[in-house]
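Coordinates in review
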Amino acid sequence: MKKVAIIYGSSTGVTADIADRIRGEMYEAAPTVIDVANVGSSAVFEEYDVLILGTSTWGSGDLQDDWQNKISLLSNANLSGKTVAFFGIGDSSTFSETFVAGMGTLYDTVKGKGVVLVGSVATAGYSYDNSLAEVAGELVGVAIDEANEPDQTETRIKSWISSYKNRIA
Ligand SMILES: Cc1cc2nc3c(=O)[nH]c(=O)nc-3n(C[C@H](O)[C@H](O)[C@H](O)COP(=O)(O)O)c2cc1C
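Residues numbered from 1 in each chain as written. Predicted model: local features only at pLDDT ≥ 70, side-chain atom pairs only at ≥ 80, totals over all residues. Heavy atoms only, no water.

Concerning the nonpolar core
One broad trend across soluble globular proteins is that nonpolar side chains are buried collectively. Residues Ile7, Phe45, Ile52, Leu53, Trp67, Phe87 and Trp160 are the most contacted members of the largest nonpolar core, which totals 54 residues. With sequence-adjacent residues up to four places away left out, phenylalanine 45 is seen in contact with Ile7, Val36, Val39, Leu51, Trp67, Leu73, Leu74, Ala77, Leu79 and Lys82. (Core = buried A, V, L, I, M, F, W, Y, C linked by side-chain atoms within 4.5 Å. Buried < 20%, exposed > 50% of the residue type's maximum accessible area, 1.4 Å probe, protein only. Contact = heavy atoms within 4.5 Å.)

Below you can see the structure in the form of C-alpha cells.
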C-alpha cells in the first residue's frame with residue numbers, strides 16, 4: 001500500500017479541521033496527518049509516496065505562517081516520483097483578489113520537481129476575482145471556503161476524493 005500523508009498548516013484551526021475531514025474520506029488509505037509546524041526536516045516529505053498538502057492564506061495572498069517557516073524544507077526535498085495533491089482554505093468574498101493564493105504557492109514550490117500532480121478542480125462553482133492557485137483555467141487543488149460557503153464543504157471534499165481516489169491511494 002502507498003504511504004500517504006496529509007500535511008497542513010493552520011493558524012486558527014480551520015485547515016486542521018479540513019485535513020481531518022479529508023482523512024475521514026480516505027480512511028482506507030490510512031493517511032498520516034501532520035501539522036507542518038512539527039516538520040523538522042525535508043526527510044519528512046520524502047518518507048511518503050503521496051503528499052496531500054493543505055494551507056490557508058493570510059495577509060494578502062500569503063502562505064500560512066507555519067508553511068512559510070518550513071517552505072525551504074519542502075523545496076529542498078527530493079520529491080521525484082511522488083504524487084502530490086493540494087487543498088486550500090480561503091475567503092472568496094473578503095479576499096476575492098487573492099483567493100486561496102497559498103495553495104498556488106505550494107503548487108509553485110513543487111512543480112517541476114519530478115512530481116505527478118493530481119487533484120485539479122474546475123473553477124465553476126466558485127466566485128472570486130483572482131487566484132494564484134488558478135492555472136490554465138483550473139484550480140490546482142480543491143478550494144474550501146468555510147467563511148462563506150460552509151454548506152459546500154462536504155460535497156467539495158467528497159467529490160474531490162472520489163474523483164482522485166485511485167490516483168492518491
Ligand atoms: C487577516 C486575514 C487575511 C486573510 N487573507 C486571505 C487571503 O489573502 N486569501 C484568502 O483566500 N483568504 C484569506 N483569509 C482567510 C483565511 O484563509 C481563512 O480565515 C482560513 O479559514 C484560515 O484558516 P486557518 O485557521 O487554518 O489558518 C484571511 C483571513 C484573515 C483573518
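Regarding the side chain of serine 56
Inspection of the secondary structure puts serine 56 in strand β3 (residues 50-58). Overall, serine 56 belongs to the buried group, its relative accessible area being 8%. At a separation of 3.1 Å, a polar atom in the side chain of serine 56 contacts the side chain of tryptophan 58. When residues no more than four places from it in sequence are discounted, the contact partners of serine 56 are Gly9, Thr15, Asp62, Leu63, Gln64, Ile89 and Gly102. (Helix = DSSP H or I, 4+ residues; strand = E, 2+ residues; numbered from the N terminus. Polar contact = N/O pair within 3.5 Å; in protein donor to acceptor, adjacent residues only side chain to side chain.)

Here's the deal with unusual backbone geometry
One non-glycine residue, alanine 30, lies in the positive phi region at around 45°. On the secondary structure map, alanine 30 appears in the loop between α1 (14-25) and β2 (32-35). In the Ramachandran plot, valine 100 falls in the positive-phi region, its phi being about 40° despite a non-glycine side chain. Within the element layout of this structure, valine 100 appears in the loop between β5 (83-89) and α4 (101-110). For valine 100, a relative accessible area of 1% translates into the label buried.

A word on the site of the ligand
As a structural note, the neighbourhood of the ligand is formed by 19 residues, with Ser10, Thr12, Thr15, Ser56 and Thr98 the closest of them. Here aspartate 91 contributes a backbone N or O atom positioned 3.1 Å from an oxygen atom of the ligand. Calculation on the ligand without its partners gives an accessible area of 640 Å², and the protein chains cover 81% of this total. Looking at the shell around the ligand, the element that brings in the most residues is β3, giving three residues. Considering only residue class, the shell around the ligand consists of six nonpolar, twelve polar and one charged. (Near = heavy atom within 4 Å. Areas by Shrake-Rupley, 256 points an atom, 1.4 Å probe, with all protein chains shown as cover. Nonpolar A, V, L, I, M, F, W, Y, C, P; charged D, E, K, R; others polar.)

Describing the pattern of salt bridges
In total, this model carries nine salt bridges according to the counting rule given. For lysine 3, the salt bridge goes to glutamate 47, with nearest N and O atoms at 3.6 Å. Of the two residues, lysine 3 is situated in the segment before β1 (4-9) and glutamate 47 in the loop between α2 (42-46) and β3; the sequence distance between them amounts to 44 residues. Its relative accessible area of 38% is what places lysine 3 among the partly exposed residues. (Salt bridge = Lys/Arg side-chain N within 4 Å of Asp/Glu carboxyl O.)

Here's the deal with α4
Structurally, the α-helix is built with 3.6 residues per turn, so residues lying three or four positions apart point the same way. Of all ten residues in α4, eight are buried; the element is thus mostly enclosed. Restricting attention to buried positions, one finds in α4 the residues Ala101, Gly102, Met103, Gly104, Leu106, Tyr107, Thr109 and Val110. Within two residues after α4, glycine 112 carries a phi angle of roughly 80°, on the positive side.

Structural notes on the packing of aromatic side chains
What the rule picks out here adds up to four aromatic pairs. Look at phenylalanine 45 and tryptophan 67: their rings are 6.1 Å apart centre to centre, the planes differ by 20°, and that puts the pair in the stacked class. Of the two residues, phenylalanine 45 is situated in helix α2 and tryptophan 67 in helix α3 (residues 65-75); the sequence distance between them amounts to 22 residues. Like tryptophan 67, phenylalanine 45 is buried. Ring geometry for phenylalanine 86 versus tyrosine 107: centroids 6.1 Å apart, planes at 70°, classification edge-to-face. Of the two residues, phenylalanine 86 sits in strand β5 while tyrosine 107 sits in helix α4, which places them 21 residues apart along the sequence. For the pair phenylalanine 86 and tyrosine 107, one class covers both residues: buried. Cation over ring: lysine 3 sits above tyrosine 48, and NZ or CZ is 5.0 Å from the ring centre. (Phe/Tyr/Trp six-rings, centres within 6.5 Å; stacked < 30°, edge-to-face > 60°. Lys NZ or Arg CZ within 6 Å of the ring centre and 35° of its normal.)

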